[in-house]
Amino acid sequence: YGGYLPVIAELSPDNLFFDKENIIAVLADNSDDPAYPPGKPQSLLDFCYFGGIYRDVWMVATNPVFITDANEEHIEAGGGVFIHTDSVSKKYAGVRIETAIRNTLPAAKKIILAVALKDTNDNIVAQTEQRQTLSPSSLHTVSLRLPVKDPKLWHPDHPYLYKVYFSVKNQGGKQLDGFYCRTGLRKIEFKGKDGLYINNEPLPDKLIGGNRHQDFAYLGNAAPNNLQWRDAKKLRDAGMRVIRAAHYPQDPAFMDACDELGLFVIVATPGWQFWNKDPLFEKRVYDDIRNMVRRDRNHASVFMWEPILNETHYPDYFAKNVYDIVHKEYPYPGCYAACDMNNSGYEVFDVLYAHPLPENLAKTDKSIFTREWGDNVDDWNAHNSSSRAALSWGEVPQLIQAKHYANPDYPFTSYETLYKAPRQVVGGCLWHPFDNQRGYHPDPFYGGILDAFRQPKYSYEMFKSQRNPETVIQDVEHGYTLFIANEMTPFSPGDVTVYTNCDSVRLIVFQKDTLVQVRDRNRTGMPAPPMVFKNVYDFMQLKSLFRAGKWQQAKLVAEGFAGGKKVITTIKMPAERPEKIVLKLDNCDRPVYANGSDIVVAIAGIADKEGNIKRLNNEHIFFEVSGEGVLVGNEKINANPRAVEWGTAPVLVRTTNKPGRITIKARISTAGLYAPQMAEISFTTMAPPHKMLYEESPSGNSSDTASGLHRPRENNVDLKMKEELLKRVESDQEIFENKKKN
């Protein structure tokens, strides 16, 4: 019930026919149902349930003696494999591994359990084995300890992962079962007013990140594993180091990516502004909490657990119950549970959610984390906000959004206020890094620093500029960033905003004016406030240069300096007449697998002859896909042809089950003598690493010709009922907001 956590069905011999084909039938139903969390009706919910089976389905075959699955055994702090560190230092780490092994045979079985810890080069750094006699038809838990000398510790800024290999063998050395995972050795401590310590050292700055809904353009929740990794990569490249799972456990592929890329994760139980007095609902909440800890307990990225129901008024006893469940499921040091400061029963929790206000700091000695910051709506019906700027709205809205998140001129929780807060305030998560759909409102949430396709806005560049340039980020050429937030159009502002983490910037305007701004490294607050060069861009000057044939002078050049040396240069030029389409793959240079699931995002841009994107145009781009790929969406959902917004048009291409070449072509949807030249790009998919089980010709028909599939719904909702629903939404939001204020 819920769909965010593992659903396991045992296929015993009683249910299988070994002499013919077997069919497993599963019915997925996302109808409104208050009996299980989140429970709130879709028409009143701030995110979309969507539906269907959109995470991996595995068939696991075992011998009669095997390592169990923690979510199947339902044992408190047990079942499966449980890895945790009981001591951590630069010279030594003690890794304790508890493994549950089931013997289904009617006789006792002697086994050898061997465990090896390997580094990234597959060198064994620690190993051990233990002999056990398993009783007939029983479950045994074997505890092993691995001492690791001079360990490479996991940290968001250097997320080192070891490989753990388990083998269950019989007395003769024949392997009966095996298990593999990656793990990071690290230590997390919240020390109240002294803040956060990682691996025995205080975090010198703030832990800034974002909340994350899994919603993706066209796909809803059904983002495949490669897009899960891509999401994590884009957030980490933005300088984020912590993700709050809003408001449900994330896809295991996303958790794996966070381990690999250096993103802490706050794992949250499903829930949003809803409580059902039926004891069955409460029981299912408790089941969700147990299962999410069992599923994610081995991830190095897990930062805290959030067992409360988000923004929900629950009974007083509930908080203590969920806190105890978390700590019983993870009864070792380094387990932290978080709760809103103003929720019932908050006093028992390890870390408190609150904004960095003086009255909140005076209320507790515990460490504080801001679970959501940045959104700035006028009311819960209209949803106008200075934080919500669609990519297509252009420069000024994007600049306003970026300033609002950075350092607004009005009192508001932002990058600036979080960094000015004392160490007791560990950090906070932006609401929300991606544009996404909602349940109760017709408008998408436009507050993302990236749109629903993960195309960046100016605020994304602002976030990037807060990165420590000395911190190594995977696959980034170097730590310095420099972005000119001005497109040099007739409507661009005269002020030129630059986002950078350099010490100083030299801005050269039209090759004649040289302006310099130097960062004040002694100031308190955010590491790198945006640099604004006042009244330096003038379209009439640009026009004069073009009329005089001096178009090469019509540019803005920014040079970034650090340690007295020039470390990065950025050039911005105005786009001339559209000459061509430029087409690029936006898959973060990851392999693409022919698994029928991987999706590649391709971005087509309208450009001039030099490749400068023409931001101001109203074209539509038509895409063609050939080879071993399938276009996602068609004209019925405005996916193909796709309207150009702010100069670009994205497209999604899904792989088939056959490795091979995929070619994408993009052209203007209406031909003409002066139409921009078409673009073409090709890439090759690889064979998947796992064996795929599927039918070549599925019996179900999901084609676009299915009867009524894309037929628009008639908007015949009763207006009175609609008004009542909106009033309920406003009331629920206001009740929670008022409680926070009080």
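Residues numbered from 1 in each chain as written. Predicted model: local features only at pLDDT ≥ 70, side-chain atom pairs only at ≥ 80, totals over all residues. Heavy atoms only, no water.

1. A word on the overall build of the protein
- The helix and strand inventory of the protein stands at 11 helices and 34 strands.
- What you see for the protein is a C-alpha radius of gyration of 27 Å, in line with the 27 Å of a compact globule of 742 residues.
- Each of the three principal axes of the protein carries a C-alpha extent, and together these read 95 × 65 × 60 Å.
- The buried share among the 742 residues of the protein stands at 53%.
- Put simply, 69% of the contacts in the protein that link residues at least 6 apart link residues at least 24 apart.
- Accessible surface, the protein as shown: approximately 34300 Å² in total, 50% of it carbon and sulfur. (Helix = DSSP H or I, 4+ residues; strand = E, 2+ residues; numbered from the N terminus. Rg over C-alpha atoms; globule rule 2.2 N^0.38 Å. Buried < 20%, exposed > 50% of the residue type's maximum accessible area, 1.4 Å probe, protein only. Contact = heavy atoms within 4.5 Å. Areas by Shrake-Rupley, 256 points an atom, 1.4 Å probe, with all protein chains shown as cover.)

2. Observations regarding empty space enclosed by the protein
- Tallying each qualifying case throughout the model produces three cavities of 30 Å³ or more.
- Of the pockets and cavities examined, the largest cavity occupies roughly 50 Å³.
- If you trace the largest cavity, you find it lined by Asn226, Leu227, Arg230, Asn587, Arg590, Pro591 and Ile599.
- For the lining of the largest cavity, the leading source of residues is helix α2 (residues 225-237), giving three residues.
- Residue composition of the lining of the largest cavity, grouped by class: three nonpolar, two polar and two charged. (1 Å grid on protein atoms, 1.4 Å probe; cavity = no way out; pocket = protein on both sides within 12 Å on 5 of 7 lines; lining within 4 Å. Points joined across faces, edges and corners; volume = space filled by probe spheres on them. Nonpolar A, V, L, I, M, F, W, Y, C, P; charged D, E, K, R; others polar.)

3. Quick notes on the sheet that holds strand β7 (residues 162-170)
- Read across the open sheet, the four strands follow the order β5-β4-β7-β8; overall the sheet is antiparallel. Since the sheet does not close on itself, it has two edges, and those belong to β5 (124-134) and β8 (175-183), each with one partner. For this sheet the average axis-to-axis angle between neighbouring strands, irrespective of direction, equals 15°. (Pairing = 2+ DSSP bridges. Axes fitted to C-alpha atoms, helices over the stretch in contact; angles between N-to-C directions.)

4. Digging into the packing of aromatic side chains
- Across all of its chains, the model carries 32 aromatic pairs by this definition.
- On the basis of an interplanar angle of 90° and a centroid distance of 6.3 Å, the ring pair of Phe47 and Tyr49 is categorised as edge-to-face.
- Its relative accessible area of 2% is what places Phe47 among the buried residues.
- Arranged with centres 5.0 Å apart and planes meeting at 70°, the rings of Trp275 and Phe318 form a pair that is edge-to-face. With Trp275 in the loop between β14 (264-268) and α4 (279-296) and Phe318 in helix α5 (residues 316-329), the pair connects residues that are 43 residues apart, well separated along the chain.
- A network of ring pairs unites the aromatic residues Trp154, Phe190, Phe264, Phe303, Tyr336 and Phe369 as a single cluster.
- Sitting over the ring of Tyr1, Arg284 keeps its end group 3.6 Å from the ring centre. (Phe/Tyr/Trp six-rings, centres within 6.5 Å; stacked < 30°, edge-to-face > 60°. Lys NZ or Arg CZ within 6 Å of the ring centre and 35° of its normal.)

5. Some words on the pattern of salt bridges
- Summed over all chains, the structure comprises 44 salt bridges.
- In this structure, Glu372 engages Arg244 in a salt bridge whose closest nitrogen and oxygen atoms are separated by 3.0 Å. You can see Glu372 sitting in strand β18 (residues 368-373) and its partner Arg244 sitting in strand β13 (residues 242-245), a full 128 residues away along the chain.
- Residues Arg506 and Glu559 are paired through a salt bridge, measuring 2.6 Å at the closest nitrogen-oxygen approach. Taken together, the positions of Arg506 in strand β22 (residues 504-509) and Glu559 in strand β25 (residues 556-562) put the pair 53 residues apart, joining distant regions of the chain.
- A relative accessible area of 30% places Arg506 in the partly exposed class. (Salt bridge = Lys/Arg side-chain N within 4 Å of Asp/Glu carboxyl O.)

6. Examining the side chain of Thr500
- Mapped onto the fold, Thr500 is located in strand β21 (residues 496-500).
- Not counting residues within four places of it along the chain, the set of residues in contact with Thr500 comprises Ser465, Thr481, Leu482, Val505, Arg519, Ala528 and Met531.

7. Some words on the confidence of the model for the protein
- The share of residues in the protein with pLDDT of 70 or more is 95%, and the mean pLDDT across the chain is 91.
- No element of the protein has a lower mean pLDDT than helix α11 (residues 719-741), which averages 70, and none a higher one than β14, which averages 98.
- Here residues 699-714 is modelled with pLDDT under 50, and outside its nearest four sequence neighbours on either side it reaches 10 contacts, counting other chains as well. (pLDDT = per-residue confidence, 0-100.)

8. A word on unusual backbone geometry
- In this model, Pro37 is joined to Pro38 through a cis peptide bond whose omega is 5°.
- In this structure, Pro38 sits in the segment before β1 (65-67).
- Note the cis peptide between Asn640 and Pro641, where omega equals 5°.
- Within the secondary structure layout, Pro641 lies in the loop between β30 (629-631) and β31 (642-643).
- Positive phi is not limited to glycine here, since Ala77 has a value of about 55°.
- If you trace the backbone, Ala77 turns up in the loop between α1 (70-73) and β2 (81-88).
- Even without being glycine, Ser137 reaches a positive phi, approximately 45°.
- Position of Ser137 relative to the elements: it lies in the loop between β5 and β6 (138-149).

9. A look at the sheet that holds strand β29 (residues 620-627)
- An order of β31-β29-β33-β34 is seen for the four strands of this open sheet, with the pairing classed as antiparallel. Each edge of the open sheet carries a strand with a single partner, namely β31 and β34 (679-684).
- Where β29 lies against β31, two bridges are found, and the strand directions are antiparallel. In the sheet register, His620 faces β31, and the bridge partner there is Ala643.

10. Some thoughts on the pairing of β14
- Most of β14 is tucked away: five of the five residues are buried.
- Neither face of β14 is left uncovered, since the one carrying Phe264, Ile266 and Ala268 and the one carrying Val265 and Val267 both have all their residues buried.
- In this structure, β13 lies alongside β14, joined through three bridges in parallel fashion. Within β14, the residue paired with Val242 across the bridge is Phe264.
- What joins β13 to β14 is helix α3 (residues 252-261), and the crossover it makes is right-handed.
- Bridge count between β14 and strand β15 (residues 302-306): four bridges; the pairing is parallel. (Right-handed = clockwise from strand over helix to strand, strands pointing away.)

11. Remarks on the packing of α4 against α5
- Running from N to C, α4 and α5 point in directions that differ by 30°, and their axes come no closer than 9 Å. For the element pair α4 / α5, the angle class is roughly parallel. As α4 runs across α5, the sense of the crossing is right-handed. For the pair α4 and α5, the contacting residues are Glu282, Val285, Tyr286, Ile289, Arg290, Val293 and Arg294 in the first and Tyr317, Phe318, Asn321, Val322, Ile325, Val326 and Glu329 in the second.
- In the contact of α4 with α5, the residues fall into nine nonpolar, one polar and four charged. (Parallel < 35°, antiparallel > 145°, perpendicular 65-115°, else oblique. Left-handed = near helix turned anticlockwise from the far one by under 90°.)

12. Section: the pairing of strand β23 (residues 513-518)
- Relative to β23, β22 is paired through six bridges, and the arrangement is antiparallel. Opposite Arg506, over in β23, you have Val516 as the bridge partner.
- Hairpin connection, β22 to β23: the antiparallel pair is bridged by three residues, and Phe510 has positive phi, about 55°.

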